[in-house]
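Summary of the model geometry
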Amino acid sequence: MSDAGLEQPLLRAVGVRKRFGDTEVLRGIDLTVSKGKVVCLLGPSGAGKSTFLRCINHLETIDGGQVWVDGEPIGFRLRHGKLYELPEREVAKQRRHIGMVFQRFNLFAHRTVLENVAEGPVRVLGVATGDARREALALLDRVGLAHRADAYPGQLSGGQQQRVAIARSLAMRPKLMLFDEPTSALDPELVGEVLEVMRALAAEDMTMIVVTHEMGFAREVADEVVFMVDGAVVETGPPSQVLAAPRHERTRQFLARVL
Ligand code: ADP
Ligand code: MG
């Protein structure tokens, strides 16, 4: 018997709903991601992809449904079978396990690359400075930037800055990595180096949810593709099916535009 059915998923989102004013932006999103899997989230602008990622780590409170990461309900505490809302301080602790990489890298401009990566572990996790710097250097090596450890972000290309941002997220030892169009702000010639780092992460069994318009990446790296429109999932499946033979008209229209 396979043990696949016994292991709890790393992420389980059930019926996630979110409204801004009168607009329902997420209309009941379900998503399950097993440990070590890569899910690519596709869909037109305004579909709710960013909002959904922000709901996963509770940067947005949700109006319905639940999000569980590694068996813990995000934003809540489970006690005697009931869910109690957590204070923000506690939510922040849960959020440490979820790395997030945005379109804009938001590095600290006045800190070196190494300091950017080592800062979180020292300040938030209480790791000793020497250990954090050693680990940061190893992470920079992983993203091919150990030789720029003493540079300042402004001295790096956009692609290099994004690789530092990924290293900085990894320094927090996340269980799950969320990427929100990590290459959309980059010049075309810099996209490849960032995707290469993400590909390597996937190969090392990091669990990842990636919002992207890079169909080549989705085709080659995703275990599952999820296509969202108007706050709902309209189609999901392996990339070989969803990208090559989409069942839904909206998926076909979208792919015709981005491919
Ligand atoms: P996507 O990432 O797929 O482009 P978003 O999640 O950014 O979509 O946005 C989904 C919808 O929610 C859009 O109509 C957007 O205008 C709206 N929206 C997003 N954030 C807010 C907010 N903070 N306040 C009001 N409306 C928002
Ligand atoms: Mg978005």
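Analysis parameters
Residues numbered from 1 in each chain as written. Chains lettered and ligands numbered in written order. Predicted model: local features only at pLDDT ≥ 70, side-chain atom pairs only at ≥ 80, totals over all residues. Heavy atoms only, no water. UniProt positions renumbered as here; feature names shortened; annotations may be inferred. Salt bridge = Lys/Arg side-chain N within 4 Å of Asp/Glu carboxyl O. Buried < 20%, exposed > 50% of the residue type's maximum accessible area, 1.4 Å probe, protein only. Helix = DSSP H or I, 4+ residues; strand = E, 2+ residues; numbered from the N terminus.

The name given to the protein chain in an unreviewed UniProt entry is Amino acid ABC transporter ATP-binding protein, and the organism recorded there is Pseudonocardia xinjiangensis. In its Sequence similarities (unreviewed entry) section, the UniProt entry covering the protein chain states "Belongs to the ABC transporter superfamily."

This brings us to the pattern of salt bridges. For the structure on display, the rule yields 18 salt bridges. With a shortest N-O distance of 3.3 Å, arginine 89 and glutamate 90 are connected by a salt bridge. The exposure class of arginine 89 is exposed, given its relative accessible area of 58%. A salt bridge links arginine 134 to aspartate 131; its shortest N-O distance comes to 2.6 Å. Taken together, the positions of arginine 134 and aspartate 131, both in helix H4 (residues 129-142) and 3 residues apart, correspond to about one turn of that helix. The class for arginine 134 is exposed, based on a relative accessible area of 57%. A network of salt bridges, in which partner residues are shared, links Lys18, Arg54 and Glu60.

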